[in-house]
Amino acid sequence: MVTASHGLLRQVQSPADLKALEPAQLPRLADEIRAFLIENISRTGGHLGPNLGVVELTIALHRVFDSPQDPVVFDTGHQSYVHKILTGRQDAFPTLRQKGGLAGYPSRAESEHDWVENSHASTALSYADGLAKAIRLQHRSGTVLAVVGDGSLTGGMAWEALNNIAESTDLPLVVLVNDNGRSYTPTVGGLAKQLTSLRTHRRYEQVLDMVKRGVSKAPVVGSTAYDVLHGVKSGLKDVLAPQGLFADLGLKYIGPVDGHDEQAVEQALTQARQFGGPVLVHCLTRKGNGFEAAEAHEEDRFHAVGKIDAVTGRPLGAPGPQTWTDVFSEELVRLGARDERIVAITAAMTYPTGLHKFAAAFPERFFDVGIAEQHAVTSAAGLAMQGLHPVVAVYATFLNRAFDQLLLDVAMHRCGVTFVLDRAGVTGPDGPSHHGMWDMSLLQLVPGLHLAAPRDATRLREALDVASQIDDAPTVIRYSKEAVPDDIPAVEVVDGLDVLLRAETSPPRVLLVGYGQLVGTTLEVGRRLVDHGVGATVVDPVWALPVNPALLELARTHELVVTVEDNGVVGGCGARLAQELRQAGVATPLREFGIAQEFLEHGTRAELLAELGLAPQDIARTVVETIVAQESDLSRDSAPRTA
Ligand SMILES: Cc1ncc(C[n+]2csc(CCOP(=O)(O)OP(=O)(O)O)c2C)c(N)n1
Ligand SMILES: CC(=O)[C@@H](O)[C@H](O)COP(=O)(O)O
Ligand SMILES: [Mg+2]
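Computed from a prediction, not measured in an experiment: that's the story for all the values here.

From N to C terminus, the protein includes 26 helices and 18 strands. Taking 2.2 N^0.38 as the reference for a compact globule, 643 residues should give roughly 26 Å; the C-alpha atoms of the protein span a radius of gyration of 28 Å, in line with that estimate. By principal-axis analysis of the C-alpha atoms, the protein measures approximately 100 × 55 × 55 Å. A burial count over the protein gives 59% of its 643 residues as buried. Relative to all contacts within the protein whose residues are 6 or more apart in sequence, the contacts with residues 24 or more apart total 76%. Approximately 25,000 Å² of the protein is accessible, and the part contributed by carbon and sulfur atoms is 54%. The protein carries 56 positive and 78 negative side-chain charges, and their two centres are separated by 4 Å.

Given below as structure tokens:
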């Protein structure tokens with residue numbers, strides 16, 4: 001939404017328009033962008049805090065660099081709204097993160113100025129390394145700018161890239177570190193300490209002031225504050241040893257620069273771009289800057305908000321229903337009180353995964369490792385080897401990058417580690433790299449792994465208890481982003497299978513196997529079939545892996561098996577059950593329903609599930625069509641063959 005108070009902003013529809021502005025106009029532009037962000041994101045929801053923190057530095061980078069000839073890459077991409085505002089997409093903001101609307105991350109389909117769409121952190125420097133090498137190799141002009149947050153720098157990939165970048169002297173690459181001291185919560189680890197020391201060193205503040213006042217005539221590029229101080233006849237007596245993580249790695253470093261002083265950032269980026277080799281510009285910013293409610297929000301500075309009041313920042317509407325995360329959060333504290341072997345690990349997502357209650361109750365048994373899922377998993381293996389039972393809580397999609405660690409560091413060593421995958425299945429507004437649609441397919445490859453997809457809170461609690469007692473293999477519990485449904489009781493239990501609906505007709509025709517959040521849908525399908533006179537049995541194995549042999553026996557007595565899961569269909573639980581049926585010689589055909597194995601755009605979870613044909617009525621219709629087709633095949637095959 002663009003109002004009259006955005007007069008100056010309306011004039012800026014491209015980086016060229018931005019470059020044409022006088023420096024004296026930029027503070028007003030920054031104010032208008034902040035107002036625009038608050039007005040729009042308070043209505044749509046989104047990453048308000050991160051974007052309020054990058055207003056000035058995004059203005060500066062688009063005045064210094066010539067996008068898209070100079071590729072600008074955002075790490076994680078959640079902080080690219082200002083970039084979008086300045087590259088001709090202001091009018092689309094009322095559609096942010098909505099189906100068919102503006103993506104919440106860079107989108108190559110939206111703009112030539114967008115490069116990286118993956119919302120998984122710590123990738124930007126590797127992309128930038130490749131982009132810069134290509135420019136150099138092809139003797140093209142252009143300098144790559146990578147914008148990376150302090151949190152994303154705690155990811156291993158970032159250091160793999162820095163290790164390569166640091167050895168080069170002529171790579172056309174500038175790294176802008178957006179250091180606001182936080183991921184959601186304050187950034188952890190030695191890196192955070194290093195950044196803090198750079199940020200708070202007494203002399204650096206004076207250097208900061210000098211750079212700001214333009215006192216320093218000495219080239220600040222390629223030097224630490226030590227050289228700047230030496231080069232400046234400013235009477236400063238102290239000298240600073242060339243210090244700091246980045247300088248020690250051999251990277252040219254400029255900073256720290258006040259990331260809310262647009263001219264200071266412009267000056268630093270100008271010098272860095274001219275240098276002709278890799279330079280790291282360290283900008284200090286505040287997440288949520290300019291919105292009091294965000295800056296005061298202790299938990300995460302409005303990292304990701306729903307619809308809120310644009311003045312007070314308070315959530316609009318009544319508080320939502322209990323979520324899966326809420327149930328897990330409380331149950332883990334109970335489990336931790338009962339079993340002191342339980343320890344918990346997060347990868348910089350304490351609150352989003354619900355571990356904050358466990359952390360408060362058992363601070364010495366809680367570990368935040370930063371955005372470092374691979375490290376989290378193998379560290380968990382170490383904890384398990386010493387007799388503890390780690391619970392690693394991550395969003396399902398982020399486990400992808402730690403698959404090798406789970407397979408070989410945990411499972412091969414028969415370590416009892418429990419993985420709790422939040423946001424499993426279709427998530428919605430965060431788009432293709434956020435849907436938790438890969439884990440069931442990946443994890444069914446892991447020998448010995450147990451995977452539970454609870455259908456309700458009671459099953460989640462039970463699964464967590466069972467998992468905590470399995471100490472010779474990985475256990476996985478997955479649940480979606482939605483509210484937790486009311487309990488769905490079993491009408492009977494057959495060899496570990498929860499029977500939710502027993503066919504009245506004899507023989508029963510369709511065996512419906514539901515998994516996790518879609519068990520409710522599966523039960524609704526069963527009821528529709530029964531209403532149409534098709535005998536249906538509905539079961540929930542709860543533990544999808546290993547496959548319960550009782551499913552194979554039940555399948556023998558039905559004409560068709562139907563599986564319904566909130567996971568990609570390729571390699572999903574349906575595919576795995578079909579394989580087990582074949583291996584057991586059970587000829588009953590199986591029809592899988594799940595997420596099409598494609599990159600799904602953003603939208604609401606309900607919209608996307610319906611689009612995938614996972615609404616109960618659609619599944620029921622397809623099942624009836626399948627049954628009818630089977631009947632006609634049967635009658636054709638059994639009809640006497642005419643000569
Ligand atoms: C691999 C991975 N793990 C977790 C996340 C969830 N996540 C999104 S943004 C974020 C914090 C990023 O912090 P930082 O890089 O400092 O950026 P800021 O939000 O502070 O601008 C996290 C943990 C993610 N996107 N990718
Ligand atoms: C950018 C990122 O990875 C997270 O901030 C994500 O957007 C949060 O998703 P939820 O809103 O589902 O917690
Ligand atoms: Mg940060």
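So much for the structure itself; the text now carries on.
Quick look at the UniProt feature "binding site: thiamine diphosphate" (unreviewed entry) in the protein now. UniProt records the feature "binding site: thiamine diphosphate" (unreviewed entry) for His78, Ser119, His120, Ala121, Gly151, Ser152, Asn180, Phe291 and Glu373 in the present numbering. Spanning 296 residues, the named residues are also spread out in space, since their farthest C-alpha pair is 31.5 Å apart. In this fold, Ser119 is placed in the loop between helix 6 (81–85) and helix 7 (124–137). Taking relative accessible area as the criterion, Ser119 reaches 3% and is therefore assigned buried. Aside from chain neighbours lying at most four places away, what touches Ser119 is Thr76, Tyr105, Ser433 and His434.

The mixed open sheet is built from seven strands, whose spatial order is 7-6-8-9-11-10-16. Strands with a single pairing partner mark the edges of an open sheet, and in this sheet they are strand 7 (366–368) and strand 16 (543–545). Across the sheet, the axes of successive neighbouring strands diverge by a mean angle of 20°, strand direction being ignored. Here strand 9 (residues 418–422) runs beside strand 11 (residues 475–478); their pairing, made up of four bridges, is parallel. Bridge assignment links Thr418 to a residue of strand 11, and that residue is Thr475.

Parameters and conventions
- Residues numbered from 1 in each chain as written.
- Chains lettered and ligands numbered in written order.
- Predicted model: local features only at pLDDT ≥ 70, side-chain atom pairs only at ≥ 80, totals over all residues.
- Heavy atoms only, no water.
- Helix = DSSP H or I, 4+ residues; strand = E, 2+ residues; numbered from the N terminus.
- Rg over C-alpha atoms; globule rule 2.2 N^0.38 Å.
- Buried < 20%, exposed > 50% of the residue type's maximum accessible area, 1.4 Å probe, protein only.
- Contact = heavy atoms within 4.5 Å.
- Areas by Shrake-Rupley, 256 points an atom, 1.4 Å probe, with all protein chains shown as cover.
- Lys, Arg positive; Asp, Glu negative; His and termini not counted.
- Charge placed at Lys NZ, Arg CZ, Asp CG, Glu CD.
- UniProt positions renumbered as here; feature names shortened; annotations may be inferred.
- Pairing = 2+ DSSP bridges.
- Axes fitted to C-alpha atoms, helices over the stretch in contact; angles between N-to-C directions.

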